[in-house]
Amino acid sequence: MEIGILGALEAREGGRTLPLGGTKQRAVLAMLLLHVNQVVAADFLVDGLWGEAVPDSAANVMQTYVSRLRGILGSSGIGDTGFGGVRRCPPGYLLALDPERFDLYRFERLAREGTQQLSTEPEAAATTLQAALGLWRGPALAEFGDLPFAVPEKHRLGEERLRVVVARIGADLALGRHNEVVPELESLVASHPLHEALWAHLMVSLFRSGRQADALAAYRRVQQIFSEELGIDASRQLSELESAILAQDPSLEWHPPRPAVNLAVPVPPAPAMAEPGRPNPQAALAGRPARVWKVPPRNPHFTGRTGALEQLHSRLRSGEHSLVVQALFGLGGVGKTQLAIEYAHRYADDYTVVWWVDAEQPVLIPDQLVALAGRLGLPTHGSAPDVVDRVLIELTERSDWLLIFDNAEEPDDIAGYRPAGSGHLLVTSRFPGWGALGGRIEVDVLARGETVALLRARIPEMDESVAQGLAAELGDLPLAAAQAAAYLEQTGLAPADYMRRFRTRRDSLLAHGDVVGYQRRVDTTWDLSLERLRAVNPVAVELLELGAFMAPEPIPLTLFTRHPALLTGSLRAAALAGFDDLADAVGGAVAFSLVYRRRDSFQLHRLVQAVIRHRLSPQRQRDIGALAVVLLSASHPGDPGDPANWPAYARLAPHVLATSELLDDDADPDGYVLMLDTVQYLNARGDTRASRLIAEELLGRWRRVLGPVHPTTLQLAGILTAALAWLGEGERACRLGTDTLEKCRQALGPDHPTTLSVATYLTSALGWTGQNEQAAGLGHDTLQRCRRTLGSDHPITLGSAARWAFTLLGMGDVESARTLSQETWQAARQMLGPDHPTTQIAAAALTYARAWLGEAQAACDLGIDSVERCQQAFGLDHWLTVLMQAALTFGFVALPDGHRAGETSRDIVDRARQAFGVDHWVTLLAAAARTFALISAGDRASALALGEDTLIRCSRTLGSQHPIAQNLHQVLQIDLPPAVHV
């Protein structure tokens with residue numbers, strides 16, 4: 001599959017253009033593509049479509065768009081097609097795609113390669129950059145008009161395209177093609193009259209073509225435009241270029257490019273020396289070095305960060321006649337220094353003085369500025385402060401300079417080194433408090449696609465899936481990615497083996513791999529910050545040590561403030577004092593960029609956590625890990641099946657799962673209870689695959705730690721049985737459920753709640769695999785035991801009854817299913833609430849039973865209410881929502897006027913197949929419902945195609961005696977009105 005956004009949005013597969021739907025649906029795809037291979041929050045998508053005017057139905061409409069896109073695009077996993085589908089990844093969606101199949105990625109890659117070739121290989125650069133521009137088929141995102149997401153992206157992409165055009169023309173000029181580019185440049189300056197680089201290229205190309213008068217006339221035109229449009233003069237660089245043209249400066253003449261020197265690491269050309277104050281026409285030409293230059297070598301593997309570089313460039317250019325200070329701040333190892341280096345090289349043409357100052361030790365700053373004085377031609381005799389003053393005075397009289405203070409600690413360390421005039425001062429720091437001196441930009445970790453690209457550029461043989469997994473393990477930290485790549489290069493270890501080792505031996509691998517361009521390795525990069533933080537804010541260090549045993553996700557501060565008595569030391573005192581004191585502790589860690597502050601929470605990077613844990617003694621690790629388990633247990637949200645508790649579970653679940661390895665035979669029993677309920681919550685929420693994977697991993701561990709017949713182990717095995725059954729893995733569910741039920745009866749007794757729960761899950765698995773005789777005996781016995789032992793209104797009893805009603809439907813006993821589901825639904829509404837999953841399972845069974853018994857209106861009344869509740873409580877793609885829509889479809893088909901069945905069932909088959917697979921029992925029910933709806937609408941050809949496939953799958957999966965299979969068989973062979981069969 002090939003997907004293009006550089007022009008009209010299009011997706012092509014096998015030479016066929018896919019229909020992508022209406023404007024807003026296409027816009028959703030466009031937003032996902034602009035963040036390809038990254039999770040895009042649902043709220044971001046909603047805001048991108050509607051901005052401030054968000055309709056009440058926005059979430060449901062968004063789910064519909066995504067569902068339709070899944071159906072249109074399909075998903076076969078990244079392979080020959082390069083497309084991995086649109087996946088639900090809370091809190092939003094992820095579009096998985098081989099980036100080489102996406103034109104914007106290829107454009108950015110070629111643009112980056114061509115720009116890097118510009119100074120040494122202009123011919124290769126021209127070819128590469130032209131190939132990048134050739135990917136454009138027209139304006140990007142024009143079809144989306146003024147949709148909120150499109151306006152800034154259209155501008156960004158247009159600017160990026162123009163930047164590549166300018167670079168390609170620079171390559172053409174370096175190759176002596178000045179005559180050929182004049183017409184193009186004249187057209188471009190007419191379209192972009194305020195773009196100085198284009199005017200500079202035009203002036204140079206005219207001069208080299210023997211048209212000196214025209215070159216000077218071009219300068220007068222740009223001066224007039226700037227005066228009339230902006231009320232200012234054109235830049236000093238253009239003025240110097242005019243002076244050079246008037247003087248017919250020989251440096252403007254074209255000289256054939258020198259052959260490229262084959263160096264392992266590109267080295268910028270030595271800066272040209274010139275007397276202070278002399279015009280420097282070279283600065284206006286692309287790819288030429290600055291006159292006074294001291295910047296570390298460019299990182300040949302620098303990846304991504306386009307948006308940050310453009311934002312930084314825009315901010316620094318915002319002050320025409322004043323000093324502009326910008327600070328890049330963020331976590332150690334996040335790539336602040338590399339970003340500053342790349343900025344200096346990428347925008348070298350903007351400056352004639354670029355000077356790098358290592359500011360980590362403030363006492364050494366003056367000596368580095370004294371060295372700058374010598375390069376500026378200033379006297380260097382006298383005291384260091386006097387020489388520094390001369391440098392600042394010289395820069396005050398200029399505007400074409402960039403000072404970079406790298407790794408500064410605090411604003412006071414550099415405040416005294418700011419020239420009074422106009423120019424640019426760039427700071428990198430872990431400290432975020434730079435607002436008093438100017439602007440500040442937080443540098444975050446790389447986007448996942450950028451990390452993958454970095455790893456694969458260094459290690460070409462690395463498989464895409466391994467790169468994705470390793471990027472996740474590294475938390476997309478640039479330093480960690482560079483260190484991992486270096487280790488792989490130095491050892492020749494297979495990438496998959498490195499990832500496997502990293503998951504189990506993270507601490508030791510963080511100490512290996514020499515990294516060029518970074519000051520420290522991952523294992524030491526935060527040591528100094530942690531020691532300084534301990535000296536000024538020990539509460540913050542205690543908070544970080546506890547957070548190091550949580551997940552690398554937002555940690556709610558209420559976890560500590562609601563249970564201060566469980567804490568120890570100064571952290572306990574801070575929590576007892578209240579929220580503000582704890583927030584101040586977070587602020588102390590933020591000051592060293594060791595955490596990210598979120599609303600009412602904080603978050604640590606996974607590798608910061610690893611380093612903090614590694615610094616603790618084994619006993620301290622055990623003590624803090626046990627405290628983390630106790631704190632989480634004290635915050636238990638309650639019934640995992642109640643949707644009202646799901647937001648609390650969503651906040652805690654990552655941390656609960658992160659502490660799973662801390663549970664042993666001495667662990668707090670409440671920790672096991674919370675772990676079990678968290679897995680149950682994932683089941684109820686509809687994330688059954690995650691529930692299954694987690695339960696399988698835990699079950700193996702708990703069998704070793706607690707024993708195979710421990711009540712907790714058996715309860716987990718029952719939950720896994722349910723997950724396997726709901727996922728359609730009936731045979732595995734039956735084997736596990738049968739074994740677990742036998743162990744439960746022996747160890748706990750036949751009437752124990754865990755035994756009854758396991759029996760309920762096994763009954764469902766038996767029914768869905770067509771073992772109706774066994775299901776009938778077990779289901780009836782289980783429900784009677786539940787009622788006798790626990791009572792008719794106990795949650796386990798109600799859950800057993802609701803699932804038994806569904807099993808009765810599959811066995812063809814519709815009357816019994818109707819009676820049982822009616823009483824269960826009413827009781828569950830009263831005891832558990834109308835939106836509880838057990839209530840809605842009973843509602844679904846009752847809706848099906850009513851429809852199949854001819855009670856069409858009653859089925860529709862209940863189905864309409866239940867579908868709305870399911871969509872709001874569970875979401876559009878939850879299995880209960882799909883199940884209820886299928887049930888409602890049967891109800892609508894049974895009405896005399898069944899036209900609403902088509903609308904209700906329009907996309908449920910695609911959604912079910914995407915979410916559950918083609919042979920899942922929910923998918924088969926949805927496909928059967930859609931078949932009846934198509935027949936009701938008179939589309940018999942489509943109904944036959946879908947119905948025959950569904951009948952075959954249903955007979956194989958649910959059995960040929962299942963009511964769905966029977967009804968499909970009748971309808972496909974005897975052409976009678978649909979209502980008769982329903």
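Now for a description of the structure that goes with this document. (Residues numbered from 1 in each chain as written. Predicted model: local features only at pLDDT ≥ 70, side-chain atom pairs only at ≥ 80, totals over all residues. Heavy atoms only, no water.)

Below, the discussion takes up the packing of helix α38 (residues 856-874) against helix α39 (residues 879-894). Their axes nearest at 8 Å, the elements α38 and α39 cross at an angle of 155°. Classified by the angle between their axes, α38 and α39 sit roughly antiparallel to one another. Like other packed secondary-structure pairs, α38 and α39 cross with a definite hand, here left-handed. Facing α38, whose interface residues are Ala856, Ala859, Cys860, Gly863, Ile864, Ser866, Val867, Cys870, Gln871 and Phe874, α39 presents Leu880, Thr881, Met884, Gln885, Leu888, Gly891, Phe892 and Ala894. Its residues assigned to classes, the contact of α38 with α39 shows twelve nonpolar, six polar and no charged. (Axes fitted to C-alpha atoms, helices over the stretch in contact; angles between N-to-C directions. Helix = DSSP H or I, 4+ residues; strand = E, 2+ residues; numbered from the N terminus. Parallel < 35°, antiparallel > 145°, perpendicular 65-115°, else oblique. Left-handed = near helix turned anticlockwise from the far one by under 90°. Contact = heavy atoms within 4.5 Å. Nonpolar A, V, L, I, M, F, W, Y, C, P; charged D, E, K, R; others polar.)

Membership of the largest hydrophobic core comes to 204 residues, with the highest contact counts inside it found for Phe560, Tyr848 and Leu883. Setting aside anything within four residues of it in sequence, one finds Tyr848 in contact with Phe806, Leu809, Leu883, Ala886, Ala887, Phe890 and Leu925. If you look at the next biggest cluster of nonpolar residues, it comprises 89 residues, including Ala42, Leu135, Ala171 and Ala234. (Core = buried A, V, L, I, M, F, W, Y, C linked by side-chain atoms within 4.5 Å. Buried < 20%, exposed > 50% of the residue type's maximum accessible area, 1.4 Å probe, protein only.)

Read across the sheet, three strands follow the order β1-β2-β3 without closing on themselves; strand pairing throughout is antiparallel. The open sheet is flanked by β1 (2-4) and β3 (16-17), the only strands paired with a single partner. Bridge count between β1 and strand β2 (residues 10-13): three bridges; the pairing is antiparallel. Bridged to Ile3 within β2 is Ala11. (Pairing = 2+ DSSP bridges.)

With that out of the way, let us pick up the sheet that holds strand β15 (residues 601-603). Hydrogen bonds between backbone groups are what pair the strands of a sheet, and the pairing can be parallel or antiparallel. In space, the three strands of this open sheet follow the order β13-β15-β14, with antiparallel pairing throughout. The open sheet terminates on both sides in strands that have one partner only, identified here as β13 (555-556) and β14 (596-598). Two elements, β14 and β15, share three bridges in a ladder whose sense is antiparallel. The partner of Arg597 across the bridge, within β15, is Phe602.

Here we take up the pairing of strand β12 (residues 439-442). Regular strands have side chains that alternate between both faces of the sheet. Alternating positions in β12 separate cleanly, Gly439 and Ile441 being buried on one face and Arg440 and Glu442 remaining unburied on the opposite face. Summarising the sheet, strand β8 (residues 323-329) and β12 pair through four bridges and their orientation is parallel. By the bridge assignment, Leu328 is partnered in β12 with Ile441.

Here the focus is helix α27 (residues 618-634). Along its 17 residues, α27 runs 25 Å from first to last C-alpha, staying within 8% of the 24 Å computed at 1.5 Å per residue. Buried within α27 we find Ile624, Gly625, Leu627, Ala628, Val629, Leu631, Leu632 and Ser633. Buried residues belonging to α27 abut α22 (538-547), α23 (558-561), α28 (646-658) and α29 (669-685). (Expected span 1.5 Å × (residues − 1).)

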